[in-house]
Amino acid sequence: MSQPARTDEELLRMLTGYMPAFLISAAMRLELFAAFGADALTTEEAARRTSTHAPSLLRVLRGLAALDLFTEESPGTFRVTERGRLLLPDTPGSMHALAAVVLDESMWGGWPSLEHAVKSGKPAFDHAFGTDYMSYTGWADGSELREHVDRLMLDETRPVAAVLVESFDFSRFSTLVDIGGGSGPLTAAVLAANPHLHAVLYDLADGVRQAPRVLADAGVEQRCELRVGDFFASVPEGDLHMCKSVLFNWADDDQVSAILGNSRRSLARDGRLLLVEHMLPDVVDGSMPWDQYVSDVNSVVSLGGRLRTESEYRALLTEAGFDLVVHRLPTVPSGYSLLEAVPI
Ligand SMILES: C[S@@+](CC[C@H](N)C(=O)[O-])C[C@H]1O[C@@H](n2cnc3c(N)ncnc32)[C@H](O)[C@@H]1O
């Protein structure tokens, strides 16, 4: 007797995953969420406000209602839901910056060339766009996309920083150096919770553009020096070095070793280097959500860099002159680990 046909619902969703993503992208580009605001609108009124074709818009709105981004209050009349409001920039907990970054062509346009990347070992992005991600996006010069990326980093780091300040004893340290600290949300949180500490926020010139505002908002700007520099050349002296979401940017182990080596050379003898990174288990055992692995493949596609396992971090740290103590940060939604590196 033949087996009944089996539909794997999760697989089905994976196969069609790009469709809701593009549906949301279109809604954002049409500024549908803003056009509705808090109102319930008929499709005709929404079409008027967004200069769109009402019969097509009705089907888009129904699709968005099925995704719980709108609710259909009566046939053809819709209102934005709580989830939909997360796609507006000023909602508390907004995911607008994330959506703007991942739905930008620079993020998904390399994916159709993944096969080429796997065969050639070269970024899919470069094959698809004829140039690299940083040049294409005008990264260092600043752009709307770069502003969204900086905002996204802030949104992502703030909750991690809140957990970190509760998870580590900062009392015996005096000078924190935030290596590749970007806009400074981690430094801001640690300084705010530890009034005895001073900090150096160390990054490239384009990396610290938002930092004066972030540090001032936290009321810690008097205790933080902004220092522009290249962590491949040197790292400022201190007794507590911190480095979050930096090492994964570099696929080449030699580059990671250079950053770790520079930290080791300028770190006080009894100091600590704290790394905050996503760390993969040595085998795929379900302890890490699938999106971490898929985002690691996104690094193959466009951004470069790679996630590493605990063994890989241990080897790199040992070579740089550190022992490793791993602290899991279980309450951080995005699954970060805290790696405490102790000078040997
Ligand atoms: C993914 S961001 C992480 C920012 C911050 N640590 C956080 O978690 O919010 C990586 C940072 O590394 C900085 N960076 C990249 N190359 C650098 C270099 N050669 N020297 C110093 N900073 C660098 C970038 O400007 C960026 O701010």
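Residues numbered from 1 in each chain as written. Predicted model: local features only at pLDDT ≥ 70, side-chain atom pairs only at ≥ 80, totals over all residues.

## Side note on the sheet that holds strand β8 (residues 267-277)
The following threshold applies: In this analysis, strands are considered paired if DSSP registers two or more bridges between them. Strands here are runs of E lasting at least two residues and helices are runs of H or I lasting at least four, both read from the DSSP assignment and numbered beginning at the N terminus. The axes used here are C-alpha line fits, helices contributing only the stretch in contact, and every angle between their N-to-C directions lies in the interval 0 to 180 degrees. By definition, residue pairs are in contact when their C-beta atoms, positioned from the backbone, come within 7 Å.
Spatially, 7 strands are ordered β6-β5-β4-β7-β8-β12-β11 in an open sheet, and the strand pairing comes out mixed. The sheet terminates laterally at β6 (224-228) and β11 (322-328), the two strands that pair on one side only. Sheet twist, expressed as the mean angle between neighbouring strand axes with direction ignored, is 20°. Judged from the 3 bridges that link them, strand β4 (residues 175-179) and strand β7 (residues 238-244) form a sheet pairing that is parallel. Residue pairing across strands places V177 opposite H241, the latter belonging to β7. Across the sheet, helix α15 (residues 253-266) lies against β4, β7, β8, β11 and β12 (337-343), angled at about 150° from β8, the strand it touches most. Here helix α17 (residues 310-320) sits on the sheet and contacts β11 and β12; the angle it forms with β11, its principal contact strand, is near 145°.

## Examining the domain arrangement of the chain
Applicable threshold: Where each domain starts and ends follows an automatic or database-derived domain assignment.
Here the chain is described as being made up of domain 1 (9-87) and domain 2 (111-343). Between the C-alpha centres of domain 1 and domain 2 there is a distance of 36 Å.

## Considerations on unusual backbone geometry
We apply this condition: Exposure classes come from backbone-placed C-beta atoms, where a residue is buried if 20 or more other C-beta atoms lie within 10 Å of its own, exposed if 12 or fewer do, and partly exposed in between.
Located in the positive-phi region is S51, a residue other than glycine, with phi close to 50°. Secondary-structure assignment places S51 in the loop between α4 (43-50) and α5 (54-66). Overall, S51 belongs to the exposed group, with 8 C-beta atoms counted inside 10 Å. Even without being glycine, S245 reaches a positive phi, approximately 55°. Following the sequence through the fold, S245 ends up in the loop between β7 and α15. Its 20 C-beta neighbours within 10 Å are what place S245 among the buried residues.

## Points about the nonpolar core
Which entries qualify depends on this criterion: The term nonpolar core refers to a set of buried Ala, Val, Leu, Ile, Met, Phe, Trp, Tyr and Cys residues connected through C-beta atoms within 7 Å.
Judged by nonpolar contacts, the single largest core of 50 residues is most densely connected at L176, I179 and L275. When residues no more than four places from it in sequence are discounted, the contact partners of L275 are C243, L247, L339 and A341. By size, the runner-up hydrophobic cluster in this structure holds 16 residues, among which are L32, L41, V80 and A99.

## Quick notes on helix α12 (residues 144-167)
Cut-off, in case you're wondering: Multiplying 1.5 Å by the helix residue count minus one yields the expected span of that helix. At any given residue, the bend is defined as the angle formed between two axes, one fitted to the seven residues that end at that position and one fitted to the seven that begin there.
For α12, which comprises 24 residues, the first-to-last C-alpha distance of 35 Å matches the rise-based estimate of 34 Å (1.5 Å per residue) to within 8%. The largest bend in α12 amounts to roughly 25° and is located at T157, with the proline P159 lying one to four residues further along. Within α12, burial applies to V149, D150, T157, V160, A161 and L164. Contacts made by the buried residues of α12 are with α7 (96-102), α13 (185-193), β7, β8 and β12.

## As for the environment of V326
Take V326: it is sitting in strand β11. We classify V326 as partly exposed; it has 13 C-beta atoms within 10 Å. In this structure the C-alpha to C-alpha distance between V326 and L260, which are 66 residues apart in sequence, comes to 16 Å. Once you skip the residues sitting within four places of it in the chain, V326 turns out to touch E310, S337 and L339.

## What to know about the packing of α12 against α13
Put simply, the rule reads: Here roughly perpendicular refers to angles of 65 to 115 degrees, roughly parallel to angles under 35, roughly antiparallel to angles over 145, and oblique to all remaining angles. By definition, turning the near helix anticlockwise from the far helix through less than a right angle yields a left-handed crossing, and turning it clockwise yields a right-handed one. Ten residue types, Ala, Val, Leu, Ile, Met, Phe, Trp, Tyr, Cys and Pro, are classed as nonpolar, four, Asp, Glu, Lys and Arg, as charged, and the remainder, Gly among them, as polar.
Two numbers describe how α12 lies on α13: the axes approach to 8 Å, and their chain directions differ by 30°. In terms of their interaxial angle, α12 and α13 are classed as roughly parallel. Our pair here, α12 against α13, has a crossing hand that is right-handed. Of α13, the residues touching α12 (which contributes L154, T157, R158, A161, A162 and V165) are P185, L186, A189, V190 and A193. Looking at the contact of α12 with α13 residue by residue, the class counts come to 9 nonpolar, 1 polar and 1 charged.

## Focus on the pairing of strand β3 (residues 77-80)
Here β3 shows one buried face, formed by F78 and V80, and one open face, formed by T77 and R79. Of the strand pairs in this sheet, strand β2 (residues 70-74) and β3 are connected by 4 bridges, and their pairing is antiparallel. Across the sheet, residue F70 finds its bridge partner in β3, namely V80. As consecutive antiparallel partners, β2 and β3 are separated by 2 residues, and within that stretch G76 has a phi angle of approximately 85°, a positive value.

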